[in-house]
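# Topology and contacts: notes
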Amino acid sequence: KAGVTQTPRYLIKTRGQQVTLSCSPISGHRSVSWYQQTPGQGLQFLFEYFSETQRNKGNFPGRFSGRQFSNSRSEMNVSTLELGDSALYLCASSSSPGAASAEKLFFGSGTQLSVL
Amino acid sequence: KNEVEQSPQNLTAQEGEFITINCSYSVGISALHWLQQHPGGGIVSLFMLSSGKKKHGRLIATINIQEKHSSLHITASHPRDSAVYICAVRFSGSARQLTFGSGTQLTVLP
């Protein structure tokens, strides 16, 4: 079974631009969550999608958005990039948002975004 | 405030040593994850706990719900165990949002 695939692996953008990152979950998984990792703040939850609906959103500005398609692939978008958006962006998939105790997360390798 | 604290921040051990990494949280949780992150960024989920103890190979994870504390143990440590270990919790009532500890950088020397 193929793992979680994130593209691109590396990305360099300039301030003010926008960026779209992609995440393809493990086949059969319908839940995709996104995380930002920086040296200063560590890992932080961005949002989660299940069956094309956003289920939960972390404490990030509206410049951060996402969506999920009918095949469970998900994209996240960051508009008007700021220097502080430089980070590793990780996504994870799981089979369902059912009982939390039954869930295991499978992470992608991440997209390293650098904003210049 | 929902907080997760990990200790120690950095840990250096000799190959073969028994290692313990601790995680404490502030309020009730529905689940706790232990994650491993190697250089390059990839994260692997090691365990998910809501009570008791789990074991996989040389790794053991325990959780004490009353004390709001979890430990990750590595027996007979090996240089390939060198990685960052991260505790993440779902606080009760916070839907499916994970809150992460700051991580423990483990280095196992041969």
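In what follows, the structure referred to is the one given above.
Overview of the structure. Owing to the predicted nature of the structure, the values given are computational and were not obtained by experimental measurement.

Thresholds applied
In this numbering scheme, every chain counts its residues from 1 along its sequence in written order. Each chain gets a letter, beginning with A, and each ligand a number, beginning with 1, in the order they are written. This being a predicted model, a pLDDT of at least 70 is required before a residue's local features are given, and a value of 80 or more before pairs of side-chain atoms are given or counted; all residues contribute to the totals for chains, interfaces and linings. The side-chain quantities take in all heavy atoms of the structure and omit both hydrogens and water. Put plainly, a pocket is an open set of points on a 1 Å grid over the protein atoms alone with protein on both sides within 12 Å along at least five of seven lines, a cavity is a set where a 1.4 Å probe fits but cannot get out, and a lining residue has an atom within 4 Å of a point. Grid points are joined across faces, edges and corners, and a volume is the space filled by probe spheres set on the points. Put simply, DSSP H or I for four residues or longer makes a helix, DSSP E for two residues or longer makes a strand, and each gets a number counted from the N terminus. For this classification, Asp, Glu, Lys and Arg are treated as charged, while Ala, Val, Leu, Ile, Met, Phe, Trp, Tyr, Cys and Pro are nonpolar and the rest, including Gly, are polar. In what follows, a contact means two residues having at least one pair of non-hydrogen atoms within 4.5 Å. Defined here as a combined quantity, buried area equals the accessible surface (1.4 Å probe) lost by two parts on assembly, summed across both. What counts as a salt bridge is simple: a side-chain nitrogen of Lys or Arg found within 4 Å of a carboxyl oxygen of Asp or Glu. Nitrogen and oxygen atoms within 3.5 Å of one another constitute a polar contact, given that in protein one can donate a hydrogen and the other can accept it, and given that sequence-neighbouring residues count only through two side-chain atoms. Throughout, disulfides are identified as pairs of cysteine sulfur atoms within 2.5 Å of each other. Accessibility here uses a 1.4 Å probe with only protein chains present; expressed as a share of the type maximum, an area under 20% marks a residue as buried, one over 50% as exposed, and anything in between as partly exposed. We treat two strands as partners when DSSP finds at least two bridges between them. Lines fitted to C-alpha atoms define the axes here, with helix axes fitted over just the stretch in contact, and angles between the N-to-C directions of these axes take values from 0 to 180 degrees.

Another point: the layout of surface pockets. Over the atoms a probe the size of a water molecule is rolled, and this reveals where empty space is left. Space inside the largest pocket adds up to approximately 540 Å³. For the lining of the largest pocket, the elements supplying multiple residues, two or more each, are strand S5 (42-50) of chain A together with strand S10 (99-100) of chain B. Top contributing element to the lining of the largest pocket by residue count: S5 of chain A, with four residues. Counted by class, the lining of the largest pocket contains six nonpolar, 11 polar and two charged residues. Among the secondary structure elements, those contributing two or more residues to the lining of the second largest pocket are strand S4 (31-38), S5 and strand S9 (87-94) of chain A together with strand S9 (83-91) of chain B.

This part covers the interface of chain A and chain B. Tallying the contact residues gives 26 residues for chain A and 20 residues for chain B. Regarding the contact of chain A and chain B, the summed buried area is about 1,700 Å², with carbon and sulfur atoms giving 56% of it. Counting every contact that joins chain A to chain B gives zero salt bridges. The interface formed by chain A and chain B holds one residue pair in polar contact (both at pLDDT 80 or more) in total. Every element with two or more residues in the side of chain A that touches chain B is listed here: S4, S5, strand S6 (53-57) and S9 of chain A. Considered class by class, the residues forming the side of chain A that touches chain B number 10 nonpolar, 11 polar and five charged.

Turning our eyes to something else, we now look at the pattern of salt bridges. For the structure shown, the criterion picks out five salt bridges over all chains. Here Asp85 of chain A and Arg63 of chain A are joined by a salt bridge, their closest N and O atoms 2.8 Å apart. Note that Asp85 of chain A is positioned in the loop between strand S8 (74-78) and S9 and Arg63 of chain A in the loop between S6 and strand S7 (64-68), a separation of 22 residues in sequence. Close ionic contact of Arg58 of chain B with Asp81 of chain B constitutes a salt bridge, the shortest N to O distance being 2.8 Å.

Residue and element names in this part refer to chain B. Here the structure, examined in full by the defined rule, presents two disulfides over all chains. The disulfide that involves Cys23 links it to Cys87, with 2.0 Å between the sulfurs. One disulfide, between Cys23 and Cys87, carries an S-S torsion of -55° and so falls in the left-handed class. Of the two residues, Cys23 is situated in strand S3 (residues 19-25) and Cys87 in strand S9; the sequence distance between them amounts to 64 residues. For the residue pair Cys23 and Cys87, the accessibility class agrees, reading buried in each case.

In this section: the sheet that holds strand S6 (residues 52-56) of chain B. All names here are of chain B. In spatial order, the strands read S1-S3-S8-S7-S6; together these five strands make up an open sheet with antiparallel pairing. Lying at the two open borders of the sheet, with one neighbouring strand each, are strand S1 (4-7) and S6. Neighbouring strand axes in the sheet, compared pairwise and without regard to direction, differ in orientation by 15° on average. One ladder, built from five bridges, connects S6 with strand S7 (residues 59-64); its direction is antiparallel.

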